[in-house]
2 protein chains.
Amino acid sequence: MNYFSSDFRLGILGGGQLGKMLLSDTRKFDIQTLVLDPSAEAPSRFGCSAFYQGSLLEYDTVYKFGKMVHVLTIEIENVNLEALEQLESEGLPVYPSPKTLRLIQNKGKQKDFYVQHHIPTSAHQRFVGLNALRQALANDTLDFPFVWKAATGGYDGNGVKICRSAFDLRELPDVECVAEAMVDFKNELAVIVARSVSGEIRTYPVVEMEFHPEANQVEYVICPARIEADIAQKAQEVALKVSEAFQHVGLLAVEMFQTQDDQILVNEVAPRPHNSGHYSIEASYTSQFENHLRAILNLPLGNTESKVAGIMVNLVGEEGHSGPVVYENIEKIMAIDGVTPHIYGKRETRPFRKMGHVTIVNANMAEARRVAEEVKNSIRVISGQ
Amino acid sequence: MNYFSSDFRLGILGGGQLGKMLLSDTRKFDIQTLVLDPSAEAPSRFGCSAFYQGSLLEYDTVYKFGKMVHVLTIEIENVNLEALEQLESEGLPVYPSPKTLRLIQNKGKQKDFYVQHHIPTSAHQRFVGLNALRQALANDTLDFPFVWKAATGGYDGNGVKICRSAFDLRELPDVECVAEAMVDFKNELAVIVARSVSGEIRTYPVVEMEFHPEANQVEYVICPARIEADIAQKAQEVALKVSEAFQHVGLLAVEMFQTQDDQILVNEVAPRPHNSGHYSIEASYTSQFENHLRAILNLPLGNTESKVAGIMVNLVGEEGHSGPVVYENIEKIMAIDGVTPHIYGKRETRPFRKMGHVTIVNANMAEARRVAEEVKNSIRVISGQ
């Protein structure tokens, strides 16, 4: 297949920041792209060959969009799966496969899948609703504490609650859910795996999420993780196994816990480019976005190793600020060597909205970490007039 | 000035591959861009906020385009300078300045400028036309051999001829010209200098053009140049001096000769991102395109040092091939670690047309050089059907 400056068209469902960064590589290779997103202001409305405004959840809209392209991919999971299944059955290559998306969209099914495939993960029980969960507690087949997760619809920490007593159950919605054993972990790690149509597979280095000591929020994604080599190798092996188990095509971000006794337990996966891989644009030989493209087009995968140490800091809207965005002190941080802001292209900021990220690269990890803190303490995403 | 996700608009005259690569960084920063190019098929028609088809040489077109933007830059020198001068006189920041463009567009004036500013360059004489040059030869104020250059309009080796005897004068056009002393050089080098509105200035490392031993064509641009440290330092100092002399804002690519006795002589300059800096996208902490943007917007300049060794191979259309382009063996070279093709987005290939380039990066220069040769010997730009 000739992708380069040809009539070939790649379809991307979703036009957010992940799509925007993916488009940067489709432009580099001059591959035609069509983007579908419900918002006329989507960050990906520039840089594609054609932008279509429409719902990602409507069967007809997604189906018609799919009929215009030669390969279809996603940058957001929440899309109409029936349309993808129909398109796939008609012969359109859809990556990741709708089957995998369906499995991943249900956290209960996802956990069952890990168990079936002997992939290490915390113990779990599935419940059709809150009453069934209460019944299990009453029967002593479930004990506090546990982590409650809504089976579907959760996002960025929504739909998750740590339950230590009956008190914590009061405000939970009555939906299909999973109760997971609490994990006493040393580190939260992630590994991005690229797997191509032909089954070529490569992992990126293990990254580490560093949390704020008090706020319990991820502050930095650090590559490579500051962990022992044997732990890193184990994490990469687990991640490879997950990608192979799904027979996944494209990127799979595998989020994991390193327990106090150095087990690696899979937490959950994202079947696409991921926040934990943004550092790769500056730090890696091949960015996660380029490798996603290579994987779904069955091109050879690029080198996933790093040129230099990389740290990523998210830029989220500050509390108490809503309105036209201003990136306070952005010029100050740009004056520091190895600092690159990525501005996603959302005109309006809102509290905690993902507005961009900053990558810090340096040949020396300790120096990168020092600069990352300087960046974190300098830049603020606020509203101007 | 707030450039990021704001109403600020940058204008770019020219929509070729240099503009296309520049747009990648305006997207990264979410800076609005307007592009003007005569071709409806210009590579930069995607990735800008708005594309305008129109002549770069018509006063009215360029003037009206300039009135729509807050800062104006170029990606090609051959634009209507009267319009730029008018826009500048009305207060629009135009970078590079029309004054510098006027000076550089005339190779005779450019050489005079170097002499006036004590910038080392080969000896030269200016002539209004061919008869004046013949007269100088007759009067023995000019001797063979020399390099004849048309004062204006030359591009990529056009408008240049080595004259060893009267025989070589026969087919020269009767235009304003320069006769330059032949330089016996060891190496052709280039240094890209970034200088911002406020005068902050940084040089990229010295790069070396490696020529094919027989064909006398540049095969590889190699960074860093494989030369002694003191020569590299001298070349960077000369390049800095040239940028300062022009009070240049933006990128200036300074092409130089290293003579047999290790003098550095300036050959010519390009007041914009340049082919000799394409390696920087993958190899440098900050690409030349990002630094051009930072310079003209008076943002702090980014680190110009390299993460790894970089080599660039141009992809030009093969002789005997005209028509829809096919990049033969592109998948083969993409299978090699550290190899990134850049496809400029021209649907039709023609002999010697610049269709793209390939960057090879590696921690080890010798390995990068080996891979570059493998790339050069593999990929071919041909026409399909």
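Since this is a predicted model, take the numbers as computed values, not measurements. (Residues numbered from 1 in each chain as written. Chains lettered and ligands numbered in written order. Predicted model: local features only at pLDDT ≥ 70, side-chain atom pairs only at ≥ 80, totals over all residues. Heavy atoms only, no water.)

### A closer look at the interface of chain A and chain B
Chain A puts 51 residues into the contact, and the matching count from chain B is 51 residues. Of all residues in chain A, the largest losses of buried area upon contact with chain B belong to Arg27, Phe46 and Met334 of chain A, amounting jointly to 15% of the total for that side. In this assembly, chain A and chain B are joined by four salt bridges. The tally of links from chain A across to chain B stands at 18 residue pairs in polar contact (both at pLDDT 80 or more). Looking at the side of chain A that touches chain B, the elements with two or more residues in it are helix H1 (17–28), helix H9 (288–296), strand E17 (323–328), helix H10 (330–334), strand E18 (339–343) and strand E20 (354–362) of chain A. Of the residues forming the side of chain A that touches chain B, the biggest block, five residues, is contributed by E18 of chain A. (Contact = heavy atoms within 4.5 Å. Buried area = accessible area lost by both parts, 1.4 Å probe. Salt bridge = Lys/Arg side-chain N within 4 Å of Asp/Glu carboxyl O. Polar contact = N/O pair within 3.5 Å; in protein donor to acceptor, adjacent residues only side chain to side chain. Helix = DSSP H or I, 4+ residues; strand = E, 2+ residues; numbered from the N terminus.)

### Regarding the UniProt feature "binding site: ATP" (unreviewed entry) in chain A
Residue and element names in this part refer to chain A. According to UniProt, the positions carrying the feature "binding site: ATP" (unreviewed entry) are Lys107, Lys149, Glu180, Ala181, Met182, Val183, Glu188, Asn267 and Glu268. You can see alanine 181 is positioned in strand E9 (residues 177–181). You can call alanine 181 partly exposed: its relative accessible area is 32%. Leaving out residues up to four positions away in the same chain, alanine 181 has contacts with Ser122 and Ala123. Take glutamate 268: it is sitting in strand E15 (residues 264–270). Excluding residues that lie within four positions of it along the chain, glutamate 268 makes contacts with Lys107, Gln110, Tyr114, Lys149, Ala253, Val254 and Glu255. (UniProt positions renumbered as here; feature names shortened; annotations may be inferred. Buried < 20%, exposed > 50% of the residue type's maximum accessible area, 1.4 Å probe, protein only.)

### Comments concerning unusual backbone geometry
Geometrically, the link from phenylalanine 144 of chain A to proline 145 of chain A is a cis peptide bond, its omega value of -10 degrees lying close to zero. Among the secondary structure elements, proline 145 of chain A is positioned in the loop between helix H6 (130–138) and strand E7 (146–150). Geometrically, the link from cysteine 223 of chain B to proline 224 of chain B is a cis peptide bond, its omega value of 0 degrees lying close to zero. Along the chain, the position of proline 224 of chain B falls in the loop between strand E13 (218–223) and helix H7 (229–246). Of note, aspartate 262 of chain A is a non-glycine position whose phi angle comes to about 65 degrees, a positive value. As for its position among the elements, aspartate 262 of chain A is in the loop between strand E14 (250–259) and E15. You can call aspartate 262 of chain A partly exposed: its relative accessible area is 23%.

### Quick word on the relation of the copies chain A and chain B
Rotating chain A by 180 degrees and translating it 0.0 Å along the rotation axis places it on chain B, where the RMSD comes to 0.0 Å. In short, the pair behaves as if placed about a two-fold rotation axis. Taking C-alpha positions as the reference, the residue of chain A nearest the rotation axis is glycine 47 of chain A, at 1.9 Å. Interface residue correspondence from chain A to chain B reaches 100%, placing this contact among same-surface, isologous pairings. (Least-squares fit on C-alpha atoms with pLDDT ≥ 70 in both.)

### Remarks on the domain arrangement of chain A
Along its sequence, chain A is organised into domain 1 (9–95), domain 2 (123–181) and domain 3 (185–383). Distance from the C-alpha centre of domain 2 of chain A to the C-alpha centre of domain 3 of chain A: 29 Å. (Domains from an automatic or database assignment.)

### Focus on the environment of asparagine 362 of chain B
Along the chain, the position of asparagine 362 of chain B falls in strand E20 (residues 354–362). Counting along the chain gives 114 residues from asparagine 362 of chain B to histidine 248 of chain B, while the straight-line C-alpha distance between them is 33 Å. Filtering out sequence-adjacent residues up to four positions away, asparagine 362 of chain B remains in contact with Tyr285 of chain A together with Val308, Ala309, Glu367 and Ala368 of chain B. A distance of 2.9 Å separates the side chain of asparagine 362 of chain B from the backbone nitrogen of asparagine 364 of chain B, its partner in a polar contact.

### A look at the packing of H1 of chain A against helix H1 (residues 17–28) of chain B
Interaxial distance between H1 of chain A and H1 of chain B falls to 11 Å at its minimum, and their mutual angle equals 175 degrees. Relative to H1 of chain B, the element H1 of chain A lies roughly antiparallel. From H1 of chain A, Lys20, Ser24, Arg27 and Lys28 of chain A reach across to H1 of chain B, where they touch Lys20, Ser24, Arg27 and Lys28 of chain B. Split into classes, the residues belonging to the contact of H1 of chain A with H1 of chain B amount to no nonpolar, two polar and six charged. (Axes fitted to C-alpha atoms, helices over the stretch in contact; angles between N-to-C directions. Parallel < 35°, antiparallel > 145°, perpendicular 65-115°, else oblique. Nonpolar A, V, L, I, M, F, W, Y, C, P; charged D, E, K, R; others polar.)

### Considering H7 of chain B
Residues and elements named next belong to chain B. In this model H7 runs 26 Å from its N-terminal to its C-terminal C-alpha over 18 residues, within 8% of the 26 Å that 1.5 Å per residue would give. The set of residues buried in H7 consists of Ile231, Ala232, Ala235, Val238, Ala239, Val242, Ser243 and Phe246. An end-on view of H7 places all buried positions within 135 degrees of arc, on one side of the element. Among the exposed residues of H7, those pointing more than 90 degrees away from its buried face are Ala229 and Asp230. (Expected span 1.5 Å × (residues − 1). Arc of directions from axis to C-beta.)

### Quick notes on the pattern of salt bridges
Residue and element names in this part refer to chain B. Under the criterion given, the structure shown has 54 salt bridges over all chains. A salt bridge links arginine 272 to glutamate 77; the nearest nitrogen and oxygen atoms lie 2.7 Å apart. Linking arginine 272 in the loop between strand E15 (264–270) and helix H8 (280–283) with glutamate 77 in the loop between strand E4 (71–74) and helix H3 (81–89), this pair joins segments that are 195 residues apart in sequence. Arginine 272 sits in the buried class, given a relative accessible area of 9%.

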